[in-house]
Amino acid sequence: MSGVTLSNPFSLTKANDLSDDQIQELWVDIAPPDSPDSLFSAGRFASPMPTFILGSKGSGKTHLMRYASFPLQKKRFERDGLRPLPGARVDGYVGIYTLCSGLETGRFQGKGQSDEAWLEVISYYLELSLGIAALAVTDDLLDGDVQHNIETAFCAAVGQLFDSDPPAANSVGGLIDDLERRRRELDYQVNNAAFTGELVPNVTASRGKLIFGIPQAFQSCSSDLGGFLFAYQLDELENLTEAQQKHVNTLVRDRRGPATLKIGARQFGIKTHATMSAAEENIRDSEFEELRLDLRFRRNEKTYRELVALLVERRLQNFWPQSSTGLAGRSRRLADWFEEPKRDPFDPFFERLVKNAPSPERPHMVHLREALAGQLSRGGIRGVRKEEDIPAIMNAIAVPDAPLLEKLNTFLMFNAWAKGLDLAQTATSVRSNCEAFVRSKGAGPYRQKLDHYKSDLIAQMFRDASYRHNYGGLDEFTRMSEGQPRALITLLKQTFDWATFQGERPFEAGSISIDAESKGALAAADWFYNNMRKAGGDGQAILIAVDRLAELFRINRFADNPIECSLIGFSVSARVGSEISQRNLRLALDHSFLVEILGGQSDRNSEQVTGKFQLNRMLVPKWGLATGRRGIKPFSEVEMNAIFDPRMGEAFEKVKADWATRMNAPFERARRASKDFAESDAGDSQVDLFGD
Amino acid sequence: MRSDPRHDAITDELQSKIKTLHSSIWERRADWPEVLDWLDQFEQHDDPDSDEQLQVLRLLSNFMYFGVNEIRALLRSLFRDTFRPQVAKEVRSGLHSSTTLDMVGSMVDVELRRTRFVSLGNPSESSALLLYYFRQENALPKDLFLHGSDIFDLSAVESGGLKVRDTHITRYVFIDDLCGSGHQGREYSDRIVKPLKSTSPGVKTYYYPIFGLSDGIDLLRTQSAFDEVYPVVELDQTFRAFATDSRLYIEPKIALLRLATEATCRRYGDELVPAHPLGWEDGQLYIGFAHNTPDNSLPIFWCDQTGPRPWRPIFRRYPKVFW
């Protein structure tokens, strides 16, 4: 990209920081713009039906809306040799982009004025602001003879839209000047209301008159001026108060003429769908449509993977020319630039991880042996009655050449112990299943258990060796980004920084090391987490809840017999939890610390439909948790409150102790109901995750 | 570097800090391969506390580097916050208390026109570069600057007398990057300032280093001819790496490493700069500038030699070469 030199091609992460040229250059889509599958089409900018474009922070809302806005349309018209007017007809719309945060709506409250007064003022302010933006677009659309022929009539028609004091201007530029003057006067009154104690605006146009009237006036001037919509694109609606959003909802409901609204907001930033029209609520698919960007990506992982691959390629082409000219030029798969974490159980890496120690000295073998020996005198382990039984079991499950399989075998032994099975018999069957797998490497129950638990097994081996868990590979990073392209860019930004600092040449030579990737992932997680500290008391409550949740998931991940594999998710009934807990759960979702898992899940013990949630995978490196979610733990009332209510520290300690005793040898908790948790509505008994 | 869980935890923490410094304040002067290359010259040990590489890595993570932007900002401060207020104070002390701000301001401007900023040492040395930045940052005219040798009218020497070249000048301001022990400043004072004061007793002389060690500043205040000695940043004893109250070893866990690290630095320093193993006159500093690293800093950081004890520095010092 001309004139831009970056030391890291991923250093620009926010669409608000990009220039129009950069928005255009960095835009990628999963299908041609006229295809119904494309992201661009999903925005339905040329549809008269208003659209809410929703998504979490960094899901690409602003990039999409700015890409669809008139300044970018003009660039594409120029590229295609079109004048603005015919171009608008081809696109079917002109996009009038406005950032709600730019309106500084915080000014429109308090200062000794009534809420009703402020609502009228913001309504008029929005009228003027969008009116000015619409006029600026019409000024660009009109050129040459067309302008000469209709300008006077258009100005007169716009004058008619005012209730009093119509502008006397006879040019579009004059109209804009006049409206800007009115807005400046209003700004002055609003800004000084706290000192003057007065707010006496001269409201000269009714709600919607300018917003919907200007497009109508424009297209009524000549039949040549029709054939497209004025799409008002209001971004960051979450910055408006509930009352202000109600006003916007009223505009959505009262939409008329060749104009529509396309509204961008955080998924949980919509405070109300109520309107001021007899307190009617707008109904989805009736008054508006909804596009949920990150959900769309998360529903279709393959599409998202393709999209982010394109996005990374485009970054490299524009900001990292030394990476050659993209995929085609390098003839190397994008994923090949990233070293992958080791997963193959026969990889010599795992022998190095146990420091090439013989089986009996490996940490997992020592742990099982000591656990059995410790319980021997107390009895209660079937198949282990005397000391000699222990070495026989240990010998049976040893796999000298494949420590990861040996680790799985110890897992299976702990599981049998928790279920009260005969361990001598279990050891024999584990050995036989393991040997069969080593011979055939084929599918089967043993292979299935390995696949399910591999992430937890490897994490435990890393912890035994006191090494930091590895994260890396484009696939894993893509998964971690949870359908938010900005999250992926942040991961790549941090990884690129680490790689270059360590003397690597990312996207030029070799592959980015797993070490740099892991450090990048951890730095991105820290950045994401620490950002929340700025969110005041709410932020603190979210951090406490997320820390507690992660602590429980860690207990599970590093347990002798986890209740769920790769646990980072939970389910909870909408009826469960105190008001505070439910509020904090919502806040954590709102700030993307938690992510809603698509579709409800039936609780294992009831038919009640529950909400399913998981930790945002961007955060998991902070606690060494898994990125590939498998298990989901149903939460009881006690657990829900202990985690999400910051005041319930003591209750949380009890939950922790309960989890730890349930999942670790000698598994006493696993086989008896706890008095403390007898009232839990979630299952209390040990779930058999190792059953075939 | 040694890799095992106990070493790795410390390395990770320090590496992360150095990465941040490298990509921000250090102006990308020390990436990790360069750091590893430097560390490679030290011994490893099974015990992290005795591991020389970890000891000096910790020291490096505290290295105070001042890039061009920071030096320029300090030079702005030197003029705006140190010298100009001093002149204003002197002007006001000669006036009645009822004088207006405008009057003081215009008198300060008059005094400034009768001031000369002088570089310390040879024109090829760093203080000449500092004066260039100083002039730019404070938008001062070129004719307010001169070299030490231009203070005097050398044509008068033949006739047996020493005269100042411009008798209208009332203030001479000597600017330096660092005052360490103060000996160099005192030598300069003997060579230039004393003769100047004896020739023109009415002129005022100021010595303004950007950084100054407290001991050196005290020495110059008591044993030099400068009227005013004032650093922009004063570095007290706690800035000396191995002082008993060193700010590097406050945390109780880290404090235990102070003596061991000092012994390591001394052992290598003895071989690199035998007369000053911990920096010029036992400076023990860990400071460097974009234009050079002062010899008051620990030699393990800056020493660059190929002789009997070859050494690769991490923040190279460009030494003064004497022919």
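Basis of the calculations
- Residues numbered from 1 in each chain as written.
- Chains lettered and ligands numbered in written order.
- Predicted model: local features only at pLDDT ≥ 70, side-chain atom pairs only at ≥ 80, totals over all residues.
- pLDDT = per-residue confidence, 0-100.
- Helix = DSSP H or I, 4+ residues; strand = E, 2+ residues; numbered from the N terminus.
- Domains from an automatic or database assignment.
- Nonpolar A, V, L, I, M, F, W, Y, C, P; charged D, E, K, R; others polar.
- Axes fitted to C-alpha atoms, helices over the stretch in contact; angles between N-to-C directions.
- Parallel < 35°, antiparallel > 145°, perpendicular 65-115°, else oblique.
- Left-handed = near helix turned anticlockwise from the far one by under 90°.
- Contact = placed C-beta atoms within 7 Å.
- Buried ≥ 20, exposed ≤ 12 C-beta atoms within 10 Å, placed from the backbone.
- Pairing = 2+ DSSP bridges.
- Expected span 1.5 Å × (residues − 1).
- Bend = angle between axes of the 7 residues up to and from the residue.

**Overview of the confidence of the model for chain B**
All names here are of chain B.
Move 1: For chain B, the mean per-residue pLDDT works out to 92, and 96% of the residues sit at or above 70.
Move 2: For chain B, the element scoring lowest by mean pLDDT is strand S4 (residues 152-153), at 86; helix H3 (residues 52-60) scores highest, at 98.
Move 3: The ipTM assigned to the predicted complex is 0.81, against a pTM of 0.83.

**Quick notes on the domain arrangement of chain A**
All names here are of chain A.
Move 1: Domain annotation for chain A reports domain 1 (20-299), domain 2 (349-464) and domain 3 (535-671).
Move 2: For domain 1 and domain 3, the distance between their C-alpha centres works out to 42 Å.
Move 3: Of the residues in the side of domain 1 that touches domain 3, the class split is two nonpolar, one polar and three charged.

**Focus: the packing of helix H15 (residues 363-376) of chain A against helix H17 (residues 403-419) of chain A**
When two helices pack together, their arrangement is given by the angle between the helix axes and by the axis-to-axis distance.
Residues and elements named next belong to chain A.
Move 1: Two elements in contact, H15 and H17, have axes whose closest approach is 9 Å; the angle formed by their N-to-C orientations is 20 degrees. The pairing of H15 with H17 is recorded here as roughly parallel in orientation. The way H15 lies across H17 gives a crossing that is left-handed. Contacts between H15 and H17 pair His-364, Met-365 and Leu-368 from the former with Glu-406, Lys-407, Thr-410 and Met-413 from the latter.
Move 2: Residues belonging to the contact of H15 with H17 are distributed by class as follows: three nonpolar, two polar and two charged.

**Things to note about the pairing of strand S2 (residues 93-99) of chain A**
All names here are of chain A.
Move 1: Counting buried positions along S2 yields five of seven residues, so the element is predominantly enclosed.
Move 2: The pairing of S2 with strand S3 (residues 229-235) spans seven bridges and is parallel. Along S3, the bridge assignment pairs Gly-95 with Ala-231.

**Brief notes about helix H19 (residues 445-464) of chain A**
The periodicity of an α-helix, 3.6 residues per turn, causes residues three or four positions apart to be oriented the same way.
Move 1: The terminal C-alpha atoms of H19 of chain A, which comprises 20 residues, lie 26 Å apart, in line with the 28 Å expected from a rise of 1.5 Å per residue.
Move 2: The axis of H19 of chain A is deflected most strongly, by about 60 degrees, at Tyr-453 of chain A.

**Examining the interface of chain B and chain A**
Move 1: Listed as interface residues are seven residues of chain B and, on the opposing side, six residues of chain A.
Move 2: Those elements that provide at least two residues to the side of chain B that touches chain A are helix H1 (5-23) and helix H2 (32-39) of chain B.
Move 3: At four residues, H1 of chain B tops the list of elements feeding residues into the side of chain B that touches chain A.
Move 4: Here the side of chain B that touches chain A is composed, by residue class, of three nonpolar, two polar and two charged.

**Thoughts on the domain arrangement of chain B**
All names here are of chain B.
Move 1: For chain B, the domain assignment lists domain 1 (5-61 + 239-302) and domain 2 (68-235).
Move 2: Measuring from the centre of the C-alpha atoms in domain 1 to the corresponding centre in domain 2 gives 35 Å.
Move 3: The interface of domain 1 with domain 2 comprises eleven residues on the first partner and ten residues on the second.
Move 4: Class assignment for the residues of the side of domain 1 that touches domain 2 results in six nonpolar, four polar and one charged.

**Brief notes about unusual backbone geometry**
Move 1: Look at the link from Ala-665 of chain A to Pro-666 of chain A: it is a cis peptide, with omega at 10 degrees.
Move 2: Residue Ala-139 of chain B is not a glycine yet carries a positive backbone phi of 45 degrees.
Move 3: Tracing the sequence through the fold places Ala-139 of chain B in the loop between helix H6 (126-137) and strand S3 (145-147).
Move 4: Accessibility expressed as a C-beta count within 10 Å gives 7 for Ala-139 of chain B, which makes it exposed.

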